[in-house]
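# Architecture at a glance
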Amino acid sequence: MNRLLGLGRLLLGTLMLTAVAINFANVIGRYVFASPIFWAEEAMVFLQVWCVFVAAALITEAGNHLRMEALESLAPAPVRRALAIGAAALMAVCSFTIAAVSSRMIVSMIENDQRSIVLEMPMALPYAALPFGFTLVALVALRELWRLARRRGAEKQ
Amino acid sequence: MGGLLGWLPAALLAAGVPIFLVLLAASLVVLAFAPDLPLAAGPQNMFGALDKFALMAVPFFIFAGGLFSTGGISDRLIRWVEALFGGVRGSLGLTTIGTFEFFGAISGSSVAAVAAVGRTLYPALRAGGYDDKFSLGLITSGGAIASIIPPSILMIIYGAAAEQSVAKLFIAGFAPGLLIGLFTASYILWYSRSRTLAATHRFAWARVIRTTGDAVWALGAPVIILGSIYSGICTPTESAGIACVYGMLVARYVYRELSWKDIFDLAVSSTMLTAQIMVIVAAAGIYSWLLTVSGVPQALVSGMQALHLAPWQFLLAVNLLLLAVGCVIDGGSAILILAPLLVPLARAAGVDLIHFGIIVTVNLAIGMFTPPFGLNLFVSQAMFKAPMALIVRGLVPFLALQLTALGLITFVPEISLYLARFVK
């Protein structure tokens, strides 16, 4: 799992720098060679989709999702722990749901040979970021749930 | 369905559940119990929310901001501004606010501005005789300017959510950003005269020329970003990508302050920072679609029309709501949650949506440093090891100044719209 998340970081940096390079090449192509890269915008958007859903797993692992802590921080420790367990369980359930539903959508896209407008790439490829990313998020959430449950068990003993 | 989309997210938000999960869970529950809505609408709307080229500007500007603040560009910018204002009483305070204005023109992030400017200028302000309370208040509140002076991450998110031109929003943000700067500068001048603070040094053309030479690459950044947008060469997104290449080349080969490994690590951390917002954008895609199909915005518009509110009353109510929300939720998330509800109301009230975008941005920029939970408060607390009570006391006059400026920006639309009219 940790190795997978490490690969995720490598993928994020590579995708971001690739998007920067495509954007630069497109602008230079348009003004210097009068030949813009017609697929640049679509490719960058698909790279962004992959970046977001891969990064979502890394953010979940680091516990860095944006949230409103104002009221929760006022609660006593046992309530906060219960809320953390609830949030991790909710994260796992919702992420598995999105992963399962989007996987079914991808199968249907492959069967119908659905392709993107400009690149004419199979739409299953950019959409695959959803099941990939959300499966990772769900696994990370389950691991967090396991950690919280074990800590609670150890405290009871 | 509308009720479920209201109380469930509110309860989850209060319980400290991540904001993206709040929107996702509420939307999935509604989809599960609505027989006529397919569950596949969930992933489809999540993908659709991110399938917008304009949003690519967010990761690009965050990456560029990281390159500028760690690659030696912001330090040179500070020395250049200091050379310009050094001969005036209150010069260090003026340098701080001037640097926030310039840093705002190369980075759209309030937090990045507080960190980059505060790192150098907070110790300088203290050494220059400014008291701790004033210095903390100035630095913590100054970050708001970076969110308002273009490029602005908040404006990009509002532009995508409300389907408004980002280039128009950017140019509309200039005068409000300068207005807040002028208000703050006036207070700095009054403060420095009342405490007889000395000028840093005598103004000298030689110093200005030397620091200009040193900062010429740093000064090129806002010229490239804003020049390429308003000359029609690039879209805001393309301009943000060009700024990344410029930042990489300057930081690596001109100032030699970053290695390629540092740049790669910055690309990773920028993508992670962006994804914190974008994953909410994706979840808000389903949530706002469900709000629309369940007729919530239309019901709100009818309800508001029944109240017969004048536009100024509506704008006052929006300001109070956004200031309250901005204290507890980050600006990007607040826009994504509230835009589907507030934009139809603003349209129905006859408010120009570019002007409305600036009002939203200024409110949420102020929210970034408003107690108890504005993010910049915690940045300052961590960076300067200062007690929260002292930061909050220091913020009071700056908050009052920015609220006064907000009042003018809200009720004098020309401040925002005059320049925007020149953009097609």
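Everything numeric here is computed off the predicted structure, so don't read it as measured data.

The rules behind these values
Residues numbered from 1 in each chain as written. Chains lettered and ligands numbered in written order. Predicted model: local features only at pLDDT ≥ 70, side-chain atom pairs only at ≥ 80, totals over all residues. Heavy atoms only, no water. Phe/Tyr/Trp six-rings, centres within 6.5 Å; stacked < 30°, edge-to-face > 60°. Lys NZ or Arg CZ within 6 Å of the ring centre and 35° of its normal. 1 Å grid on protein atoms, 1.4 Å probe; cavity = no way out; pocket = protein on both sides within 12 Å on 5 of 7 lines; lining within 4 Å. Points joined across faces, edges and corners; volume = space filled by probe spheres on them. Helix = DSSP H or I, 4+ residues; strand = E, 2+ residues; numbered from the N terminus. Polar contact = N/O pair within 3.5 Å; in protein donor to acceptor, adjacent residues only side chain to side chain. Contact = heavy atoms within 4.5 Å. Buried area = accessible area lost by both parts, 1.4 Å probe. Salt bridge = Lys/Arg side-chain N within 4 Å of Asp/Glu carboxyl O. Nonpolar A, V, L, I, M, F, W, Y, C, P; charged D, E, K, R; others polar.

Looking now at the packing of aromatic side chains. All names here are of chain B. Tallied over the full model, the rule gives 20 aromatic pairs over all chains. Relative to Phe422, the ring of Tyr418 lies with its centre 5.5 Å away and its plane at 75 degrees, an arrangement referred to as edge-to-face. Chaining the aromatic ring pairs together yields one cluster made of Tyr130, Phe134, Tyr187, Trp190, Tyr191 and Phe398. One cation-aromatic arrangement involves Arg76 over Tyr255; the distance from NZ or CZ to the ring centre is 3.6 Å. The residue whose ring lies beneath Arg252 is Tyr253, and the NZ or CZ to ring-centre distance is 5.3 Å.

Take the layout of surface pockets next. All names here are of chain B. Empty space within the largest pocket amounts to approximately 750 Å³. Along the wall of the largest pocket there are 32 residues; nearest its centre are Ile62, Ser109, Val111, Ala112 and Leu273. When contributions to the lining of the largest pocket are tallied by element, the ones reaching two or more residues are helix 4 (57–70), helix 7 (110–127), helix 9 (153–162), helix 13 (260–293), helix 16 (331–348) and helix 18 (375–384).

Residue and element names in this part refer to chain A. When you line up the elements, Thr60 lands in helix 2 (residues 40–62). Looking at Thr60, its side chain comes within polar contact range of the side chain of His65, at 2.8 Å. Excluding residues that lie within four positions of it along the chain, Thr60 makes contacts with His65, Met91, Val137 and Val140.

Counting residues at the interface gives 51 residues for chain A and 55 residues for chain B. Per-residue buried area on chain A facing chain B is highest for Met16, Leu66 and Met68 of chain A; these three make up 15% of the total on that side. Of the charged contacts, one joins Glu238 of chain B and Arg30 of chain A as a salt bridge, the two residues approaching to 2.8 Å between their closest N and O atoms. Here chain A is connected to chain B by eight residue pairs in polar contact (both at pLDDT 80 or more). Those elements that place two or more of their residues in the side of chain A that touches chain B are helix 1 (2–31), helix 2, helix 3 (77–111), helix 4 (124–127) and helix 5 (129–156) of chain A. Of the residues that constitute the side of chain A that touches chain B, the class distribution is 37 nonpolar, nine polar and five charged.

One pass over the full model with this rule turns up two cavities of 30 Å³ or more. Taken as a whole, the largest cavity encloses approximately 80 Å³ of empty space. Considering the residues around the largest cavity, the lining is formed by 13 residues, among which Met16, Gln48 and Cys51 of chain A together with Pro59 and Thr271 of chain B are closest to the centre. Of the residues forming the lining of the largest cavity, the biggest block, five residues, is contributed by helix 2 of chain A. For the lining of the largest cavity, the per-class residue count stands at 10 nonpolar, three polar and no charged.

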